[in-house]
Amino acid sequence: MRQLSFIEIPKTVENKEWGTFKDSLRAPIHNWFTYPAGFSFKAVESSIRNNCIRQGQVVYDPFMGSGTTNLVAKKLAINSYGIEAHPFVFRIARTKMNWEIDEDDIFHSLREVEKRVINRKRHFAIKNIQACLEKEFPDLILKCFENIALMDLLSIRNAVLDGNFTEDVKDIFFVGLTSILRQVSTAATGWPYIAPNKHKSTSLNKNVLHEFIRMIHKMVSDIRNTVHEANVNYPKSSHEIFNADCRKTKDLIPDLSVDHVFTSPPYLNNFDYADRTRLELYFWGEAKNWGDISENIRTRLITSATTQISRDDPKYQLLDELNKSCPKVCAFLKASISQLSEIRLTRGGKKSYDLLVGGYFNDIYQMILEVYRVLKNNSKAVFVLGDSAPYGIHIPTDDLIGEIGLGVGFSEYHVDVLRERGGKWKDNPQRHGILLRESIVTLEKA
Ligand SMILES: C[S@@+](CC[C@H](N)C(=O)[O-])C[C@H]1O[C@@H](n2cnc3c(N)ncnc32)[C@H](O)[C@@H]1O
């Protein structure tokens, strides 16, 4: 196994105060939508505390996702920026960050939705249901729900879309209805994807309207409790979040304006963030097929899955600028890419891991350049991420990102291992035997 000469064995951190992903599944507001966040809200709190970030200062998450970093910042009355390229996930984050919403308006609008749904139910003939659903939804959705439940979901969806409500209320209803979809589905909605052929009997005969109303009440009470616990100065803090690309933030975030970056980029592990939301996008009518999802979402995200790659696109060749600023990194990547391009031809799936590696590091390089630009001097950027070993070729993403950081101007970096991963596959001949890790990479700007 080739080793990079600059890699030292990273030390493992005492990770209790970093928590685990499960913390956010239990925490109010954070748990409105289950999303691979990369870290727990406790990790954000700990990084803010350890770096002595105070009110009036600014935290930035270039891969905001569903908004964990920004939510923590808001609660502590610290200003924040967030960028998220996936429009659907951005809307989730925007909703979670809106604590200024009018409760009376929500409940008044909720009664309207309830009335419309009950009314529609009264006037709908059971024999028309199948035809109506087939006209409305792709096959995947039809397989994931009982007809009666899906009809109720559709009625609520249409009442929300057609209702004369404020955008804020529509956002709350959008997230509320989204969050019950997997609960009321009779398909095994195994994390992170869905398995329509496996039946989940606990969802049978659930009262969908009742679940929706319960969720909206929970959301309102979560906001109320969070506001109650938040720092008294939180209303004075400012939070600018954008549905945009973190490689292109020149018009959004000024130079030298950020005191701390805390983020978790997509890992180089072939996870397709666009596909993660397929059920939800199909349900809301925001996509009807794979092509829609590619066009509207996949192409906007940094390259981290082979499903994003088209082999004749030249953009996966390592960038000249990356080569110039980080020759050692590029030499390592070129050797790995060349190995991967040979190995893929010997494997059934012929996965484009070679191009994936090139595309991933090009994109990461452009993101780090932007992070360097916006970060103030004497500040740190913290990245939580995992390494990977496509076709058994180890790519130490943590060290490589550290070295790219030095190449773009950061003065130093260090890597702390948060946890090791993948050990459970070591006896499986289909998998590689490389023990992977999840790390915290800290880049320091002098
Ligand atoms: C590991 S997740 C981060 C999740 C986040 N920590 C949270 O609290 O939900 C990585 C995120 O990066 C987003 N992303 C991918 N490419 C992006 C880009 N070019 N600009 C901004 N966000 C991007 C993905 O859509 C995904 O939501």
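What you see is a predicted model; the values in this text were computed from it and never measured. (Residues numbered from 1 in each chain as written. Predicted model: local features only at pLDDT ≥ 70, side-chain atom pairs only at ≥ 80, totals over all residues. Heavy atoms only, no water.)

A tally of helices and strands in the protein yields 17 helices and 10 strands. Here the protein holds 446 residues, and 57% of them are scored as buried. Considering only contacts in the protein between residues 6 or more positions apart, those separated by 24 or more positions represent 75%. Of the roughly 20,000 Å² of accessible surface on the protein, 50% is carried by carbon and sulfur atoms. (Helix = DSSP H or I, 4+ residues; strand = E, 2+ residues; numbered from the N terminus. Buried < 20%, exposed > 50% of the residue type's maximum accessible area, 1.4 Å probe, protein only. Contact = heavy atoms within 4.5 Å. Areas by Shrake-Rupley, 256 points an atom, 1.4 Å probe, with all protein chains shown as cover.)

By the secondary structure assignment, S237 is in the loop between α10 (208-229) and β6 (239-243). The buried category is assigned to S237, whose relative accessible area is 12%. Polar side-chain contacts of S237 include one of 2.8 Å to the side chain of H239. Those residues in contact with S237 that sit more than four places away from it in its chain are K74, A77, I78 and N79. (Polar contact = N/O pair within 3.5 Å; in protein donor to acceptor, adjacent residues only side chain to side chain.)

Tracing the backbone through its elements, the reader meets G392 in the loop between β8 (375-386) and α17 (397-408). By relative accessible area, which is 23% here, G392 ends up partly exposed.

Let us now look at the site of the ligand. With respect to spatial proximity, 26 residues lie near the ligand, and among them Y35, A37, S66, T68 and E84 are the closest. A distance of 2.6 Å is found between an oxygen atom of the ligand and a side-chain nitrogen or oxygen belonging to E84. The fraction of the free accessible surface of the ligand (600 Å²) that becomes covered by protein chains is 100%. The residue makeup of the shell around the ligand, split by class, is 16 nonpolar, six polar and four charged. (Near = heavy atom within 4 Å. Nonpolar A, V, L, I, M, F, W, Y, C, P; charged D, E, K, R; others polar.)

Turning our eyes to something else, we now look at the packing of aromatic side chains. Enumeration over the complete set of coordinates arrives at 15 aromatic pairs. For the ring pair F271 and Y273, a centre distance of 4.8 Å and an interplane angle of 75° mean the geometry is edge-to-face. Residue class for F271 comes out buried when judged on its relative accessible area of 16%. Clustering of aromatic rings is evident, with ring pairs tying together F33, Y35, F88, F137, F174, F271, Y273, F283 and W284. The ring of F174 carries the charged tip of R91 above its face, separated from the ring centre by 4.0 Å. (Phe/Tyr/Trp six-rings, centres within 6.5 Å; stacked < 30°, edge-to-face > 60°. Lys NZ or Arg CZ within 6 Å of the ring centre and 35° of its normal.)

Compared with the 22 Å implied by 1.5 Å per residue over 16 residues, the 22 Å span of helix α8 (residues 147-162) between its first and last C-alpha is a close match. Along α8, 12 of the 16 residues are buried, which leaves the element largely enclosed by surrounding structure. (Expected span 1.5 Å × (residues − 1).)

With a phi angle near 65°, I29 is a residue other than glycine that sits in the positive phi range. In the Ramachandran plot, C52 falls in the positive-phi region, its phi being about 55° despite a non-glycine side chain. Mapping C52 onto the fold places it in the loop between α2 (41-50) and β2 (58-61).

The next subject is the nonpolar core. Residues F145, L153, I156, F173 and F212 are the most contacted members of the largest nonpolar core, which totals 72 residues. Counting contributing residues, this core receives three or more from each of domain 1 (11-99 + 232-445) and domain 2 (103-219). Grouped together as the second largest cluster of nonpolar side chains are 70 residues, V59, Y316, A381 and I393 included. (Core = buried A, V, L, I, M, F, W, Y, C linked by side-chain atoms within 4.5 Å. Domains from an automatic or database assignment.)

Attention now moves to the pattern of salt bridges. Tallied over the entire structure, the rule returns 27 salt bridges. With a shortest N-O distance of 2.9 Å, D171 and R94 are connected by a salt bridge. On the criterion of sequence distance, the pair formed by D171 in helix α9 (residues 167-184) and R94 in helix α4 (residues 87-96) is long-range, its members being 77 residues apart. The class of D171 is buried, set by a relative accessible area of 5%. What makes R94 partly exposed here is its relative accessible area of 35%. (Salt bridge = Lys/Arg side-chain N within 4 Å of Asp/Glu carboxyl O.)

So, about the environment of E420. With respect to the helices and strands, the residue E420 is situated in strand β9 (residues 412-421). Here E420 falls in the exposed class, since its relative accessible area comes to 57%.

Turning to the side chain of S439, a few remarks are in order. When you line up the elements, S439 lands in strand β10 (residues 436-445). Here S439 falls in the buried class, since its relative accessible area comes to 0%. Reaching out from S439, the side chain makes a polar contact with the side chain of D398 at a distance of 2.6 Å. Setting aside anything within four residues of it in sequence, one finds S439 in contact with F383, V384, L385, D398, V415, D416, V417 and L418.

Position of L256 relative to the elements: it lies in the loop between β6 and β7 (258-263). As a C-alpha pair, L256 and L375 span 119 residues in sequence and 4.9 Å in three-dimensional space. Among all residues touching L256, those that are not within four sequence positions of it are R373, V374, L375, K376, N377 and K445.

What follows deals with the packing of α8 against α9. One way to put it is that α8 packs onto α9 with a least axis distance of 10 Å and a crossing angle of 170°. By the angle class used here, α8 and α9 are roughly antiparallel. Considering how the two elements wind past one another, α8 and α9 form a crossing that is left-handed. Across the interface between the two elements, L153, I156, R157, V160 and L161 of α8 pack against K170, F173, L177, I180, L181 and V184 of α9. In terms of residue class, the contact of α8 with α9 is made up of nine nonpolar, no polar and two charged. (Axes fitted to C-alpha atoms, helices over the stretch in contact; angles between N-to-C directions. Parallel < 35°, antiparallel > 145°, perpendicular 65-115°, else oblique. Left-handed = near helix turned anticlockwise from the far one by under 90°.)

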